[in-house]
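Read off the chains here:
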Amino acid sequence: MFALLFFGSVDIINSIELTINAAEGDGSLIATLPYLPVVPILHWVVSELTHYIPMPVGFAYKLLPVVYDSFLAILVYDIALARNVERPLTTGLLYAVSPIAIIITSLHGQVD
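Trainee: Mind showing me how you'd approach helix H4 (residues 57-82) here?
Mentor: Each α-helix turn comprises 3.6 residues. Residues three or four places apart therefore point the same way. Compared with an ideal rise of 1.5 Å per residue, which puts 26 residues at 38 Å, H4 spans 39 Å between its outermost C-alpha atoms and is within 8% of the ideal. Along H4, the sharpest change in direction is near 25 degrees and occurs at Leu63; proline Pro65 comes one to four residues later. Directly beyond the C-terminal end of H4, a positive phi value near 55 degrees is found at Asn84.

Written as structure tokens, this is what we have:
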């Protein structure tokens, strides 16, 4: 929900041009910004996602980090379960509803 409301992340604004290049299929997925090599691949995935599923580009950019953060909550639960924490489900849920995790994932939208 937060990802759809807050479009104005600088990373998303700077990445729209790269997404347009990837969507046009010119083969140029080289970022001019100092990003890790996996970031252009994520931009390509987002551009393909917006072709097949009607959603705003800003929401699509933030969808992958939200999914990854959901997997982190499962990982926290799994680690807590392996270390015999008294309430592993509560530990995973505390990370999942943590305001800091939600704000950084949905508001900031940085993927690198």
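Trainee: Just checking my understanding: could you explain the confidence of the model for the chain for this structure?
Mentor: As a note on interpretation, predicted positions should not be read in detail where pLDDT is low. Of the residues in the chain, 64% have a pLDDT of 70 or more, and the chain-wide mean is 76. Across the chain, the secondary-structure element scoring lowest on mean pLDDT is helix H1 (residues 2-5), at 47, and the one scoring highest is helix H5 (residues 88-96), at 94. Counting contacts from residues 1-7, a segment whose pLDDT is below 50, to residues more than four positions away or on other chains yields 17 contacts.

Trainee: Looking at this structure, how should I read a nonpolar patch on the surface?
Mentor: Together, Val38, Ile41, Trp44 and Val45 line one region of the surface with nonpolar side chains, adding up to about 340 Å² of accessible area. When you line up the elements, Trp44 lands in helix H3 (residues 38-52). Taking the relative accessible area as the measure of exposure, Trp44 reaches 39% and is therefore partly exposed.

Trainee: What's the story with unusual backbone geometry in this structure? I'm lost.
Mentor: Leaving glycine aside, a negative phi is the common case for residues, and trans is the common case for peptide bonds. A positive phi angle, close to 55 degrees, is found at Asn84, a residue other than glycine. Its place among the elements puts Asn84 in the loop between H4 and H5.

Definitions and limits used
Going along each chain's sequence as written, the residues are numbered from 1 onward. With pLDDT at 70 or above as the cut-off, local features in this predicted model cover only qualifying residues; side-chain atom pairs require 80 or more to be listed or tallied, and sums for whole chains, interfaces and linings still use all residues. Remark: hydrogens and water are excluded; side-chain values derive from all non-hydrogen atoms of the structure. Numbered from the N terminus, helices here are DSSP runs of H or I no shorter than four residues, and strands are runs of E no shorter than two. Any helix carries an expected span of 1.5 Å times its number of residues minus one. Note on bend: the value at a residue is the angle between axes fitted to the seven residues ending there and to the seven starting there. Note: pLDDT gives the predictor's confidence per residue, expressed from 0 to 100. Residue contacts are defined here by distance: any two heavy atoms, one from each residue, within 4.5 Å place the two residues in contact. Residues enter a patch when their relative accessible area is above 30% and they make no salt bridge; the linking distance is 9 Å between like charges and 5 Å between nonpolar side chains (Val, Leu, Ile, Met, Phe, Trp, Tyr). The Shrake-Rupley method, run with a 1.4 Å probe, gives the accessible areas here. Residue values count only the displayed protein chains as cover. Within this document, salt bridges are pairs made up of a side-chain nitrogen of Lys or Arg and a carboxyl oxygen of Asp or Glu, the two lying within 4 Å of each other. Relative accessible area decides the class of each residue, using a 1.4 Å probe on protein chains only: under 20% of the type maximum gives buried, over 50% gives exposed, and in between gives partly exposed.

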